[in-house]
Amino acid sequence: MMRRNRFLLVLFCAAVCCPILGAASEARAARRPNIVLIFADDLGWADVGYQGATYYETPNIDRLARQGMVFTDAYANAANCAPSRACLLSGQYSPRHGVYTVGSAVRGSAGLRKIVPVPSNPNLSAEVVTVAESLKTAGYATACFGKWHLGKLKPTQQGFDVALDHRSGRVLTDKSLQFIQDQRDRPFFLYLAHHLVHSPWKSEEGLIAKYAAKSPAPGHDHPVYAAMIEELDRSVGRVTAKLDELGLSEETVLWFFSDNGGVGMITSMAPLRGAKGMFYEGGIREPMIVRWPGKVAPGARCSTPVIAVDFYPTFLEIAGAAPPKGQPLDGESLVPLLTGAGSLDPRAIYWHFPCYLQSWACVQVPWRTTPVGVVRKGDWKLMEFFEDGRLELYNLKDDVGETVNLARKMPDKTAELHAKMRAWRKQVDAPIPAEPNPEYDPSERWVADPDYRGRPPHILSPGLGDHFAKALRLGYDGRP
């Protein structure tokens, strides 16, 4: 009799519990994915272990690369901070919102600027519906912890429920973990926008000592910068551990990216040419990883060129959210690439920088870039420098270092891409600087200061001089 009663009790419990467990399982399966975007500041394409760096140590980022999909040809929309962030959050190319650079477009010596640059909008307009606003409308909890850099409106005025800016990566990570904990029962969008590894370059003494004692690698030999990269990597590890702890990893799309290339005075992007502030590959190609368990195959690699304006439509599709009414989005959803369900139709991607970015006082040329427009389609990349109309054409498949300008050797390909660039500029109403600068003085010469006393301690990494000077010189006069 007792055996029979125990058997009936088991059946009763199964009858009661199975529907509950089944309902919970269905609810979990039906939940829209969380989206976590970890956005580094000035971290270069070559600054992480999975890209071949040996002096810098990034075990958590490298583990993320093994768990998710690495995009080998992923691009920021600009070569410096503010426009890159404006494009990412708006889903629009720079000419649509007018944020072209950090601060004033009038940079460097007036006597060296041949043309008058286009003014840059210092603010992301309130009329722009950010990706956070779209996700919030769709029921997501939203948080911005870290660098905003988009003008007078605060993140909480542009779609984020909570926001905090702080220089400490630890503080930002702590706030992010608490947000994940608090919102674990509903879908959330976390934008963790680190100040790491931007200047000022400083870190924990113990970490600095660790790298000071380590053998350097070519172009990677700065112990303070290496320590900051390890701080960033620890943050990635803490976020992934929290998602694992709460059982949220399977329900979360985790995205890792950077806003522009590494600073050329402190790290090398080799084999890429150039660095932050330049529209050669070293200034705009970024490390990018997406982990989405059950959707993205671990260890996958994608060589399709993608760009940060693609994030907005991708996040909308992941969330099942509607696009903003009346606001064009310039990117495409990357979900087919992530899931392996398809590919993107062949397309071109663009950059427009009608401004100047000055170089540092201790190098031999005045500009990191003069006003320039860029298009990439397939393996081909064309650059047009607005000061003199110079064109540079590169085959990135065969020449990722952009060492051989093919513009004269391949006039048909040059004309094809130039026509595409001009048509795009007309479509987005991109202003082209053309007015001669009345202050331009053709007799003025740039003179580097070899004893540049204004530099912070350790700004110059001794192994980088030749590499960076070559990259800048190539960028300035166009000679391969």
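Overview of the structure. Throughout this description, residue numbers start from 1 for each chain and increase along the sequence as written. Totals for whole chains, interfaces and linings use every residue, but because this is a predicted model, local features are given only for residues with pLDDT of at least 70 and side-chain atom pairs only at 80 or more, for both listing and counting. With hydrogens and water stripped out, all remaining heavy atoms of the structure feed into the side-chain values.

### Observations concerning the pattern of salt bridges
1) Next: What makes a salt bridge here is a side-chain nitrogen of Lys or Arg within 4 Å of a carboxyl oxygen of Asp or Glu, nothing more. Inspection of the entire model under this criterion finds 24 salt bridges.
2) Next: One salt bridge connects Arg 96 with Asp 330, and the closest N-O pair in it is separated by 2.9 Å. You can see Arg 96 sitting in helix H4 (residues 94-97) and its partner Asp 330 sitting in the loop between helix H10 (311-319) and helix H11 (335-339), a full 234 residues away along the chain.
3) Next: Look at the salt bridges and you will find they share partners, linking Glu 57, Glu 204, Lys 210, Lys 214, Glu 230 and Arg 234 into a network. For helices the rule is a DSSP run of H or I covering at least 4 residues; for strands it is a run of E covering at least 2, with both sets numbered from the N terminus onward.

### A few points about the packing of helix H7 (residues 205-212) against helix H8 (residues 223-245)
1) Next: Orientation is described by axes fitted as lines to C-alpha atoms, over the contacting stretch for helices, and by angles from 0 to 180 degrees between their N-to-C directions. Interhelical geometry of H7 versus H8 gives an angle of 120° and a closest axis separation of 8 Å. By the angle between their axes, H7 is oblique relative to H8. Considering how the two elements wind past one another, H7 and H8 form a crossing that is right-handed. Of the residues in H8, those in contact with Leu 207, Ile 208, Lys 210, Tyr 211 and Ala 212 of H7 are Pro 223, Val 224, Ala 226, Ala 227, Glu 230, Glu 231 and Arg 234. Working rule for angles: under 35 degrees goes down as roughly parallel, over 145 as roughly antiparallel, 65 to 115 as roughly perpendicular, anything else as oblique. Crossing handedness is read from the near helix: turned anticlockwise from the far helix by less than a right angle, it gives a left-handed crossing, and turned clockwise, a right-handed one. When checking whether two residues touch, look at their non-hydrogen atoms; a contact exists if any pair is within 4.5 Å.

### Points about the packing of aromatic side chains
Within a pair of aromatic rings, the relevant descriptors are the distance that separates the centres and the angle that separates the planes.
1) Next: Think of it this way: a Phe, Tyr or Trp ring, Trp meaning its six-membered ring, pairs with another when their centres are within 6.5 Å, and the plane angle makes it stacked under 30 degrees, edge-to-face over 60, tilted otherwise. For the structure on display, the rule yields 22 aromatic pairs.
2) Next: Here Phe 145 and Phe 179 contribute two aromatic rings whose centre-to-centre distance is 6.2 Å and whose plane-to-plane angle is 75°, an arrangement assigned as edge-to-face. Of this pair, Phe 145 sits in strand E3 (residues 141-146) while Phe 179 sits in helix H6 (residues 169-182), and the two are 34 residues apart along the sequence. In terms of burial, Phe 145 and Phe 179 fall into one category: buried.
3) Next: With a centroid separation of 6.1 Å and 90° between ring planes, the pair formed by Trp 148 and Phe 160 is classed as edge-to-face. Remark: Phe 160 occurs in the loop between E3 and strand E4 (162-164) and Trp 148 occurs in the loop between E3 and E4; sequence separation between them is 12 residues. Burial here depends on accessible area, computed with a 1.4 Å probe over protein chains only, as a share of the maximum for the residue type. Under 20% is buried, over 50% is exposed, and the range in between is partly exposed.

### Concerning the pairing of strand E2 (residues 69-75)
1) Next: The element E2 is largely enclosed, with a buried count of seven among its seven residues.
2) Next: Relative to strand E7 (residues 285-291), E2 runs antiparallel, the two sharing five bridges. If you follow Met 69 over to E7, its bridge partner there is Val 290.
3) Next: Note on pairing: two strands pair once DSSP finds at least 2 bridges between them. Relative to strand E8 (residues 300-302), E2 runs parallel, the two being bridged by three bridges. Bridge pairing in E8 links Val 70 to Arg 301.
4) Next: For E2 and strand E9 (residues 306-307), the ladder comprises two bridges, and the chain directions are parallel. For Tyr 75, the partnering residue across the bridge sits in E9 and is Ile 307.

### Quick notes on unusual backbone geometry
1) Next: Cis peptide bonds are those with omega within 30 degrees of zero, and the linkage from Leu 196 to Val 197 qualifies with 15°.
2) Next: Within the element layout of this structure, Val 197 appears in the loop between strand E5 (188-193) and H7.
3) Next: For the peptide bond that leads from Ala 270 to Pro 271, omega is 15°, which places it in the cis range.
4) Next: Examined against the element boundaries, Pro 271 turns out to sit in the loop between strand E6 (252-258) and helix H9 (281-284).

### A word on the sheet that holds strand E13 (residues 372-377)
1) Next: On the basis of which strands lie adjacent, the open sheet formed by four strands has the order E10-E13-E14-E15 and antiparallel pairing. Looking at which strands have only one partner, the edges of the open sheet turn out to be strand E10 (348-353) and strand E15 (390-395). Recorded for the sheet is a direction-independent mean angle of 10° between the axes of neighbouring strands.
2) Next: The strands that helix H12 (residues 411-428) touches are E10, E13, strand E14 (380-385) and E15; relative to E14, the one it contacts most, it runs at about 65°.

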